[in-house]
Amino acid sequence: MRRTLSLFAAASLVGAGFAAAPAAAATTTGIDLQPENTQQTIDGFGYSAAFQRTHRLNLLSDEKKAEATELLLGDSGVDPSILRLGIGGQSTPPYDWMLSIQPTDPGGPEAEPDYQWDGYDNGQVWFAQAAEAAGVEYIYGNAWTAPGYMKTNNSPANGGTLCGLSGTTCASGDWTDAYADYLVAWADFYKQEGVDIDGIAFANEPDYTSTYESMRLTPAQAAEFTKTLGPVADAAGYDVLCCESFGWNQGKNYHSAILEDAEAAQWIDVLTAHSYASRSDSPFETDKSLWMSEWAASVAGLTQFNANWDGAPAAGSDGIRLVDHMMDSLTLGGATGYLWWLGVSQGGSGSLMVVDVENDTYTVGARLWGMAAFSRFVRPDSVRFDAVHALAGVKVAAFDNADGTRVVQLLNNGTTAVSTDIDLDRQPTAYLNDQTHHLEAVDGIATTADGVTALQLPARSLVTLVLEPDAPSGEGIPIEATVPESTEPGSLAMTVADFGEGVTLAEATNAGDRLRFEGALPEVSVTDSRNADQAGAGGWAVSGQSSDFTAGDVAVGAEHLGWTPKVLDPRPGVTAGASVATTLGAGPGLVEPASLASAGSEGRFGSTAMSADLFLEVPVDTAPGTYRGTVTVSLFPVD
């Protein structure tokens, strides 16, 4: 609920799947959600744009390219949160090769670099710019190899090792420092193009030799180079990712080598491995981010693109097989991030989409919608929690997003429909992926009554349940802020229409470049009477967020409102939120939700009163008028 510059005061605990009602008798459901048993925090989902694949997309007509790009990046399509770019190592750029930013030897590892930047980078720059504009949160570069002149085999393909690492002998010298600088230079070039690169991966499948771009590294050599790249990347503001091993279990050898070396471990931010040589269905204990960073089901022998959700058994690239692999990677492998191989390609590819440049068209595979079921609804910083069941052929993964949205993924691998129920006490939206539905909201799959949701899961399908958080309860407290004519003293008046009283702020202080109005947030009270079974080990949190203030066609942004929260009856276990400065005070203002107060298990019980000192700061040349907006204060339980 939003009103004209209103303050929302929530009087009872609310949140996705929670209620503050007295405890009821336990209900047994076919699927038992256990949000108190939390697992990994999710970083996101995405795919790669390497090997000139987005160059092919760029050759479509403007209309078709825009449509395809929206499906790959937009919130009506995949809406990915991670994008993996390729860092080229080749000296020439035919299709399916990645041109290096330094194609030829500059004269040895100590010579002045001779970087050559074309602003296109194998067709990736424009797509990375589109990804940045679409809100993709993490973009990283992955080198398949160092340039050939830096390696023991003097070739960007067929393996070979970076010169200068332990066990290598190269007449050209030690290239480790030069390679580290080269990788950072690549990322810096993207910054010139308006793309913020978040991280750098210096190897791809270092335990596999291929006829395309490849470079071999042992786990010990990977740890060794991490200590070279780490300080250089960190100084430039980039994460380090390693090691994109050919298999999940094989990757654990690289992870262990790095983490067991204290110097290397301090520089690594994300541990990565692929799922070819071994499936990503077993855990690796670490407090680092852990990504399944590449897999594509077999497309061997396929000459045409397989767009099926569930085709012939030999068609390993079906959409349902992608989802099955993703479910195992998340629930068994403990992955915090999941990346499919390619977002777009051509021909008989296992990508999410293929383009046909000659006919100016594209084809979307069911894999795209399987990926979208996760990437669109399970957002970064969501937390996976346990979901217990004994349903044959069914896999379940459950998540709570940071905004309170609960998402439950239900994969029925069986050939018959499954009837069951789940402990969701409010009606979720059910999205269906199967051979005839592509992430479509479908009625009748989930039906909520008497605090339980009955489910009808179609055969060979993925059902995605999305439960929005409860709307905050409480009444709006209208407030008005009037900016006077510049010849009159400033004042701010607040009228609490629904509560029969008003709040008048002191006259504005003219601070030279701004007018500052001060006042107090009306008292907000939280009463928590939940028993221990309901609350568990959690507490509650209250946050506030402001809309823009408007007077006719003139707006003053929410960043101009700040506050200093306070707990009116302090006690152990209850904490007031941090003060939030306005944009004129070098702060963010209340544009995003900011903490008013929070309580842990020790302090949550009973009634707690809180308030905040409010301050509105506007430029002295702000147009006169009465500005109205909305401040919403919301209360949510914390597990």
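This is a predicted model, so every value here is computed, not measured.

Caption draft 1: Representation of unusual backbone geometry within the structure. A cis amide bond, omega 15°, links Cys242 with the succeeding residue Cys243. Turning to its location among the elements, Cys243 is positioned in strand β7 (residues 239-245). A positive phi is found at Phe51, a non-glycine position, where the angle reads about 60°. Among the residues examined, Phe51 registers a relative accessible area of 5% and is labelled buried.

Caption draft 2: Quick look at a negative patch on the surface. Taken together, the side chains of Glu110, Asp174, Asp177 and Asp181 present a region of like negative charge at the surface. Turning to its location among the elements, Glu110 is positioned in the loop between β4 (82-87) and α3 (125-134).

Caption draft 3: Focus on the packing of aromatic side chains. Evaluation of the coordinates by the stated rule reveals 22 aromatic pairs. Relative to Phe374, the ring of Phe45 has its centre 5.9 Å away and its plane inclined at 55°; by these criteria the two rings are tilted. Pair noted here: Phe45 is in strand β3 (residues 44-48) and Phe374 is in helix α9 (residues 366-375), with a separation of 329 residues, a long-range link. For the pair Phe45 and Phe374, a shared accessibility class is recorded, and that class is buried. In this structure an aromatic cluster arises from ring pairing among Tyr115, Trp117, Tyr179, Tyr182, Trp186, Phe189, Tyr190, Phe202 and Phe225. Above the plane of the ring of Tyr95 lies Arg56, whose end atom (NZ or CZ) is 5.6 Å from the centre. Sitting over the face of the ring of Trp126, Lys65 holds its NZ or CZ atom 4.8 Å from the ring centroid.

Caption draft 4: Quick peek at the sheet that holds strand β12 (residues 353-356). Read across the open sheet, the three strands follow the order β11-β12-β13; overall the sheet is mixed. On the outer flanks of this sheet lie β11 (344-345) and β13 (361-364), each paired with one strand and no other.

Caption draft 5: Representation of α9. Counting buried positions along α9 gives ten out of ten residues, so the element sits mostly inside the fold. Listing the buried residues of α9 in full gives Ala366, Arg367, Leu368, Trp369, Gly370, Met371, Ala372, Ala373, Phe374 and Ser375.

Caption draft 6: A look at empty space enclosed by the protein. All told, the structure shown has two cavities of 30 Å³ or more when counted by the stated rule. Roughly 30 Å³ of volume is contained in the second largest cavity. Forming the boundary of the second largest cavity are Trp144, Asn204, Glu205, Tyr208, Ser210, Tyr212, Glu213 and Ser214.

Caption draft 7: Highlighting the nonpolar core. Core analysis: the biggest nonpolar cluster contains 110 residues, and Tyr179, Leu183, Phe202, Leu229 and Trp340 have the highest contact counts within it. With eleven residues, the single largest contributor to this core is helix α4 (residues 176-192). Excluding residues that lie within four positions of it along the chain, Phe202 makes contacts with Ala143, Tyr179, Leu183, Met215, Leu217, Ala222, Phe225, Thr226, Leu229, Val240, Leu241 and Cys242. If you look at the next biggest cluster of nonpolar residues, it comprises 27 residues, including Ala599, Leu616, Val618 and Val633.

Caption draft 8: A look at the packing of helix α5 (residues 219-236) against helix α6 (residues 248-259). Running from N to C, α5 and α6 point in directions that differ by 45°, and their axes come no closer than 8 Å. The orientation of α5 with respect to α6, classified from their angle, is oblique. In the crossing of α5 with α6, the sense of the turn from one axis to the other is right-handed. On the side of α5, the interface is formed by Pro219, Ala220, Ala222, Ala223 and Thr226, while α6 contributes Asn253, Tyr254, Ala257 and Ile258. Split by residue class, the contact of α5 with α6 holds seven nonpolar, two polar and no charged.

Caption draft 9: Highlighting the pattern of salt bridges. By the definition in use, this model includes 20 salt bridges. Asp79 is the partner of Arg379 in a salt bridge, and the nearest nitrogen-oxygen pair spans 3.6 Å. Of this pair, Arg379 sits in the loop between α9 and β14 (383-389) while Asp79 is found in the loop between α2 (62-73) and β4, placing the two residues 300 residues apart along the sequence. Residue class for Asp79 comes out buried when judged on its relative accessible area of 13%.

Caption draft 10: Layout of the sheet that holds β4. Sheet architecture is closed into a barrel: eight strands sit in the order β3-β4-β5-β6-β7-β8-β9-β10, paired in parallel fashion. Taking the axes of each pair of neighbouring strands and ignoring which way they run, one obtains an average angle of 25° across the sheet. Relative to strand β10 (residues 337-342), β3 runs parallel, the two sharing five bridges. Looking at the pairing, Phe45 lines up with Tyr338 of β10.

Definitions and limits used
Numbering of residues begins from 1 in every chain and follows the order in which that chain's sequence is written. Reporting of local features is limited, given that this is a predicted model, to residues whose pLDDT is at least 70; pairs of side-chain atoms are given and counted only at 80 or more, and all residues count toward the totals for whole chains, interfaces and linings. Side-chain numbers come from the whole structure's heavy atoms, not from hydrogens or water. Starting at the N terminus, helices and strands are each numbered in turn, a helix being any DSSP run of H or I of at least four residues and a strand any DSSP run of E of at least two. Think of it in three bands: residues with accessible area under 20% of the maximum for their type are buried, residues over 50% are exposed, and the middle band is partly exposed, with areas taken using a 1.4 Å probe on protein chains only. Patch definition: residues above 30% relative accessible area lacking any salt bridge, with like charges linked at up to 9 Å and the nonpolar side chains Val, Leu, Ile, Met, Phe, Trp and Tyr linked at up to 5 Å. Per-residue accessibility takes into account occlusion by the displayed protein chains alone, with areas from the Shrake-Rupley method and a 1.4 Å probe. By definition here, a salt bridge exists when the distance from a side-chain nitrogen of Lys or Arg to a carboxyl oxygen of Asp or Glu is within 4 Å. In this charge count, Lys and Arg are treated as positive and Asp and Glu as negative; neither His nor the chain ends contribute. Charged groups are reduced to one reference atom each: NZ for lysine, CZ for arginine, CG for aspartic acid, CD for glutamic acid. Each Phe, Tyr or Trp ring (for Trp, its six-membered ring) is paired with any other whose centre lies within 6.5 Å, and the angle between the two planes then decides the class: stacked below 30 degrees, edge-to-face above 60, tilted in between. The rule for a charge over a ring is simple: NZ of Lys or CZ of Arg within 6 Å of the ring centre, and within 35 degrees of the ring normal. Two strands qualify as a pair provided that DSSP identifies no fewer than 2 bridges between them. With a 1 Å grid spanning the protein atoms alone, the term cavity applies to any set of points in which a 1.4 Å probe fits but cannot get out, the term pocket to an open set with protein on both sides within 12 Å along at least five of seven lines, and the term lining residue to any residue with an atom within 4 Å of a point. Grid points are joined across faces, edges and corners, and a volume is the space filled by probe spheres set on the points. Put simply, buried Ala, Val, Leu, Ile, Met, Phe, Trp, Tyr and Cys residues joined by side-chain atoms within 4.5 Å make one nonpolar core. Any two residues whose heavy atoms approach within 4.5 Å at even a single point are treated as in contact. The convention used is that axes are lines fitted to C-alpha atoms, helices contributing only their stretch in contact, and that angles between N-to-C directions extend from 0 to 180 degrees. Comment on the angle field: the value is read as roughly parallel under 35 degrees, roughly antiparallel over 145, roughly perpendicular from 65 to 115, and oblique elsewhere. The hand of a helix crossing depends on one turn: near helix anticlockwise from the far one by less than a right angle means left-handed, and clockwise means right-handed. Gly is put with the polar residues, along with every residue not named as nonpolar or charged; the nonpolar set is Ala, Val, Leu, Ile, Met, Phe, Trp, Tyr, Cys and Pro, and the charged set is Asp, Glu, Lys and Arg.

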